[in-house]
Amino acid sequence: MTNHLVRRAAEAPRLPYDSGGFRRWAVIGEEDGSVHTGFGLCDLRPDGRVGAHVHSYEESFHILSGTVILDVPDGSFVLEEGDYGLLPTGVPHAWRGGGDTAARWADMLAPVPRARYGYDTQAVPALPEHEPVRIDVRDPRTRSFGHFEAAQMDPGKQSQDLLAVSASMRTALLVYSGITVKMMVDGDLGAVASTMFMVQYAPDGVAGTHDHPFEETYLFLEGAVNATFDGESYLLGPGDTAWAGAGCVHGFSNAGNTPLRWLETQAPQPPSRHSYRFTRDWDYLSRVLEEES
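Residues numbered from 1 in each chain as written. Predicted model: local features only at pLDDT ≥ 70, side-chain atom pairs only at ≥ 80, totals over all residues. Heavy atoms only, no water.

- The protein chain carries the name Cupin domain-containing protein in an unreviewed UniProt entry, which gives Streptomyces spongiae as its organism.

1. A word on the overall build of the protein chain
Reasoning step 1: Along its length, the protein chain carries two helices and 24 strands.
Reasoning step 2: Over its C-alpha atoms the protein chain spans a radius of gyration of 20 Å, differing by no more than 12% from the 19 Å that the globule rule assigns to 293 residues.
Reasoning step 3: Principal-axis analysis of the C-alpha atoms places the extent of the protein chain at approximately 70 × 50 × 35 Å.
Reasoning step 4: When each of the 293 residues of the protein chain is scored for burial, the buried share is 47%.
Reasoning step 5: In the protein chain, of all internal contacts separated by at least 6 residues, the share reaching a separation of at least 24 is 71%. (Helix = DSSP H or I, 4+ residues; strand = E, 2+ residues; numbered from the N terminus. Rg over C-alpha atoms; globule rule 2.2 N^0.38 Å. Buried < 20%, exposed > 50% of the residue type's maximum accessible area, 1.4 Å probe, protein only. Contact = heavy atoms within 4.5 Å.)

2. Thoughts on the packing of aromatic side chains
Reasoning step 1: All told, the structure shown has 15 aromatic pairs when counted by the stated rule.
Reasoning step 2: Judged by centre distance (5.0 Å) and plane angle (65 degrees), the ring pair of Tyr218 and Phe252 falls under edge-to-face. In this pair, Tyr218 is assigned in strand 18 (residues 215-222) and Phe252 in strand 22 (residues 250-254), connecting sequence segments 34 residues apart.
Reasoning step 3: For Tyr218, a relative accessible area of 0% corresponds to the buried category.
Reasoning step 4: Members of the aromatic cluster, each reached through a chain of ring pairs, are Tyr201, Tyr218, Phe220, Phe229, Tyr234, Phe252 and Trp262. (Phe/Tyr/Trp six-rings, centres within 6.5 Å; stacked < 30°, edge-to-face > 60°.)

3. Things to note about the pairing of strand 17 (residues 206-211)
Reasoning step 1: In the sheet, strand 17 pairs with strand 22 via three bridges, with the strands oriented antiparallel. From the neighbouring strand, Val206 faces strand 22, where its bridge partner is Ser253.
Reasoning step 2: Alignment of strand 17 against strand 24 (residues 277-278), held across two bridges, turns out to be antiparallel. Residue pairing in the sheet places Asp211 in a bridge with Arg277 of strand 24. (Pairing = 2+ DSSP bridges.)

4. Some details on the domain arrangement of the protein chain
Reasoning step 1: As assigned here, the protein chain comprises domain 1 (4-134) and domain 2 (149-292).
Reasoning step 2: Spacing between the C-alpha centres of domain 1 and domain 2 amounts to 24 Å.
Reasoning step 3: With 27 residues of domain 1 at the interface, the matching set in domain 2 holds 38 residues.
Reasoning step 4: Of the roughly 2,500 Å² buried where domain 1 meets domain 2, counting both sides, 66% is carbon and sulfur surface. (Domains from an automatic or database assignment. Buried area = accessible area lost by both parts, 1.4 Å probe.)

5. Thoughts on the nonpolar core
Reasoning step 1: Counting 24 residues, the largest nonpolar core has Phe39, Met184, Val185 and Leu263 as the members making the most contacts within it.
Reasoning step 2: Residues lining this core come from more than one domain, with at least three contributed by each of domain 1 (4-134) and domain 2 (149-292).
Reasoning step 3: Apart from the residues lying within four places of it in its own chain, the contact partners of Val185 are Ser60, Tyr84, Gly85, Leu86, Ala191, Ser194, Thr195 and Met196.
Reasoning step 4: By size, the runner-up hydrophobic cluster in this structure holds 20 residues, among which are Ile179, Val181, Ala207 and Tyr234. (Core = buried A, V, L, I, M, F, W, Y, C linked by side-chain atoms within 4.5 Å.)

6. Some words on the side chain of Gln200
Reasoning step 1: Considering the arrangement of structural elements, one finds Gln200 in strand 16 (residues 195-201).
Reasoning step 2: Residue Gln200 is classed as buried on the basis of its relative accessible area of 16%.
Reasoning step 3: The residues touching Gln200, leaving out its near neighbours within four places in the chain, are Met153, Gly178, Ile179, Thr180, Pro259, Leu260 and Arg261.

7. Describing the pattern of salt bridges
Reasoning step 1: Enumeration over the complete set of coordinates arrives at 15 salt bridges.
Reasoning step 2: When the shortest N-O distance is used, the salt bridge between Arg116 and Glu30 registers 2.9 Å. With a gap of 86 residues between them, Arg116 in the loop between strand 10 (103-110) and strand 11 (121-123) and Glu30 in the loop between strand 2 (22-28) and strand 3 (38-44) connect regions that are remote in the sequence.
Reasoning step 3: Since its relative accessible area comes to 58%, Arg116 is described here as exposed.
Reasoning step 4: Across the pair Arg277 and Asp211 runs a salt bridge whose closest N-O atoms are separated by 2.6 Å. Note that Arg277 is positioned in strand 24 and Asp211 in strand 17, a separation of 66 residues in sequence.
Reasoning step 5: On the basis of relative accessible area, Arg277 is assigned to the partly exposed category, the value being 46%. (Salt bridge = Lys/Arg side-chain N within 4 Å of Asp/Glu carboxyl O.)

8. A look at a nonpolar patch on the surface
Reasoning step 1: The grouping of Leu174, Tyr176 and Tyr276 at the surface amounts to a nonpolar patch, some 300 Å² of accessible area in total.
Reasoning step 2: On the secondary structure map, Tyr276 appears in the loop between strand 23 (260-267) and strand 24.
Reasoning step 3: On the basis of relative accessible area, Tyr276 is assigned to the partly exposed category, the value being 41%. (Patch = residues over 30% accessible without salt bridge, like charges linked within 9 Å, V, L, I, M, F, W, Y side chains within 5 Å. Areas by Shrake-Rupley, 256 points an atom, 1.4 Å probe, with all protein chains shown as cover.)

9. Quick notes on the sheet that holds strand 19 (residues 225-229)
Reasoning step 1: The strand order 20-19-22-17-24 describes an open sheet built from five strands, whose pairing is antiparallel. Taken across any chain shown, the strands that pair with only one partner, and hence form the sheet edges, are strand 20 (232-236) and strand 24.

10. Considerations on the UniProt feature "domain: Cupin type-2" (unreviewed entry) in the protein chain
Reasoning step 1: Mapped onto the present numbering, the UniProt feature "domain: Cupin type-2" (unreviewed entry) falls on residues 41-107 and 198-264.
Reasoning step 2: Its end C-alpha atoms 6 Å apart, residues 41-107 is made of 0% helix and 69% strand.
Reasoning step 3: Measuring from the first to the last C-alpha atom of residues 198-264 gives 6 Å, for a span that is 0% helix and 63% strand. (UniProt positions renumbered as here; feature names shortened; annotations may be inferred.)

Spelled out as structure tokens, the structure:
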């Protein structure tokens, strides 16, 4: 069985909306061999609703376009393009349309929902629909949400003002070798089973082949990427998605002259040590041992 999967945007199914005006494309799921990752793309019509329910997994999300209202026991929140958040295991929640056009978001479910257990979801009594308010990431009481803007990936624009509107220093930028990483959902936001973050490659950005003891998913948003998964090569672009299972050897390079950006998830959360196993390091060790023998 293959340990990776590529889904091209051009091949996305034209799914119908359900009676509530909601649809979800299960891009990565149990049937694909995933154990820790349920990754999907959701659409909700302006008048659509998803009734109150709970999951026995945690759910992270990132709003790609439009406006949606999320009802939780703490209140009702307006979420717009660039917002992201975490719904911990067992937290009742409901979704409703909040704009003039359909809302679209990516969701990450960890561990993977299981068909034989009703996809680990239970309906619960309706939640009160409070007057919805915008999230305020600067408010210390805002513990489950954040906001992303493309400018946050520019190392030259990491001002205190920009940090303030992206959930403060918790999301400080990691920069190395033409690659920038902006953490969104992790243990600091309350996640225990997964992470979600944004990655950007400069035109000369390259990550050599490596693998992990966890699963990763990539939703490509901007630019073009040369990607390899277990020796197979792909040219991927906006809207395409890929998944690498634990132990899948993969690498990336920017295939264009403009920035390359994608949304990435990991599950389970990486260990504190040895979360990356680079091919080059073990090839080097083999050469050293041969020279010593």
